[in-house]
Amino acid sequence: MHKAPYSVTFVRHGESEWNKMNLFCGWHDVGLSEEGEWDALEVSAAALKRENMGYDIAFTSCLRRANQTLDIILKELNLTDIPVRQLWRLNERHYGALTGFNKRQMADIYGEEQVQVWRRSFNVPPPAIEPTNPYYHAIKSNPRLRHINEKDFPLTETLETTMERVVPEWTDSIIPEVRAGKRVLVVAHGTSLRGLVKHIQDADIMKFNLPNSIPFIIDFDESMKMVGGIRFLANDETVLKAMEKVASIGGK
């Protein structure tokens, strides 16, 4: 079997402090939990090392949890000197008025079905975040996000509107590097990566959940069409368990 001419490695960041507390995070800029740091080292970086992966350029978002994950990976792979591009369009989806609230509590208030629709539907947005939300001002005044035009700064998003910013970044910034023969690593977030996978696969991914920390590789032909399936760098049982954890709204 011929090796595909191109491949790209993707990693969803490790567990954040708010993942740990089961809170909707979105654009609020929290760091990794201790477990998230451990996962970046012992799951993400370890899997890439086992496969002898090397990279020429990395892309990530402007949010700390993805940046920290990438830093840990690059340090462990002795690749701290490669160029890193931080692109706000790779940020997690903005969860609007849900930001900062516990997923379980929201399910108890609005019903499990409604919360899952907000989380997993293609185009049903949560209510927009308002200045009364305790995290509104922290997000708007975050120095990492100051360069974003007011018209582009979301107050809530869906998978569809997240894709409207992620896909052009993929097409305009990432694909040219892949076509130039660069080995590309992308470290981002659950929804921004789900949007990319949906675009690349052209498939319904309502029930597709991306696990934290487990790297996955997608191969492409000369026209940048996907070849074969998604290759997770972990055994099937590990991937399935991690996917189930992400899918769950969480216990009380």
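Residues numbered from 1 in each chain as written. Predicted model: local features only at pLDDT ≥ 70, side-chain atom pairs only at ≥ 80, totals over all residues. Heavy atoms only, no water.

(A) Quick look at the layout of surface pockets. Reported here for the largest pocket is a volume of approximately 760 Å³. Contributing to the lining of the largest pocket are 38 residues, with Arg-12, Asn-19, Asn-212, Lys-245 and Val-246 lying nearest its centre. Put simply, the parts of the chain that give the lining of the largest pocket at least two residues each are helix H1 (17-20), helix H2 (34-50), helix H5 (112-120), helix H8 (190-201) and helix H9 (236-247). Grouping the amino acids of the lining of the largest pocket by side-chain chemistry returns 13 nonpolar, 11 polar and 14 charged. (1 Å grid on protein atoms, 1.4 Å probe; cavity = no way out; pocket = protein on both sides within 12 Å on 5 of 7 lines; lining within 4 Å. Points joined across faces, edges and corners; volume = space filled by probe spheres on them. Helix = DSSP H or I, 4+ residues; strand = E, 2+ residues; numbered from the N terminus. Nonpolar A, V, L, I, M, F, W, Y, C, P; charged D, E, K, R; others polar.)

(B) Quick peek at the pairing of strand E6 (residues 226-232). Pairing geometry for strand E5 (residues 216-220) and E6, over four bridges, is antiparallel. Note on E6: the bridge partner recorded for Ile-217 is Arg-231. Between E5 and E6, which pair antiparallel and follow one another directly, the connecting turn spans five residues, one of which, Met-224, has a positive phi of 60°. (Pairing = 2+ DSSP bridges.)

(C) Expanded view of the environment of Pro-127. Mapped onto the fold, Pro-127 is located in the loop between H5 and helix H6 (136-140). With 53 residues separating them along the chain, Pro-127 and Ala-180 place their C-alpha atoms 42 Å apart. Dropping the residues within four chain positions of it, Pro-127 is found in contact with Gly-96, Ala-97, Trp-118 and Thr-156. (Contact = heavy atoms within 4.5 Å.)

(D) Up close: the pattern of salt bridges. Counted under the stated rule, the structure contains 11 salt bridges. Residue Lys-151 pairs with Asp-152 through a salt bridge whose shortest N-O separation is 3.5 Å. Classification of Asp-152 as partly exposed rests on a relative accessible area of 25%. For the salt bridge of Glu-177 with Lys-182, the shortest nitrogen-to-oxygen distance reads 2.9 Å. The buried category is assigned to Glu-177, whose relative accessible area is 18%. The exposure class assigned to Lys-182 is partly exposed, which follows from its relative accessible area of 35%. Among the charged side chains, a network of salt bridges with common partners joins Arg-104, Asp-108 and Glu-112. (Salt bridge = Lys/Arg side-chain N within 4 Å of Asp/Glu carboxyl O. Buried < 20%, exposed > 50% of the residue type's maximum accessible area, 1.4 Å probe, protein only.)

(E) Main features of the UniProt feature "site: Transition state stabilizer" (unreviewed entry) in the chain. Taking the UniProt record as the reference, the feature "site: Transition state stabilizer" (unreviewed entry) is found at His-189. Along the chain, His-189 falls in the loop between strand E4 (184-188) and H8. With sequence-adjacent residues up to four places away left out, His-189 is seen in contact with Arg-12, His-13, Ser-61, Leu-63, Arg-65, Ala-66, Leu-90, Asn-91 and Glu-92. (UniProt positions renumbered as here; feature names shortened; annotations may be inferred.)

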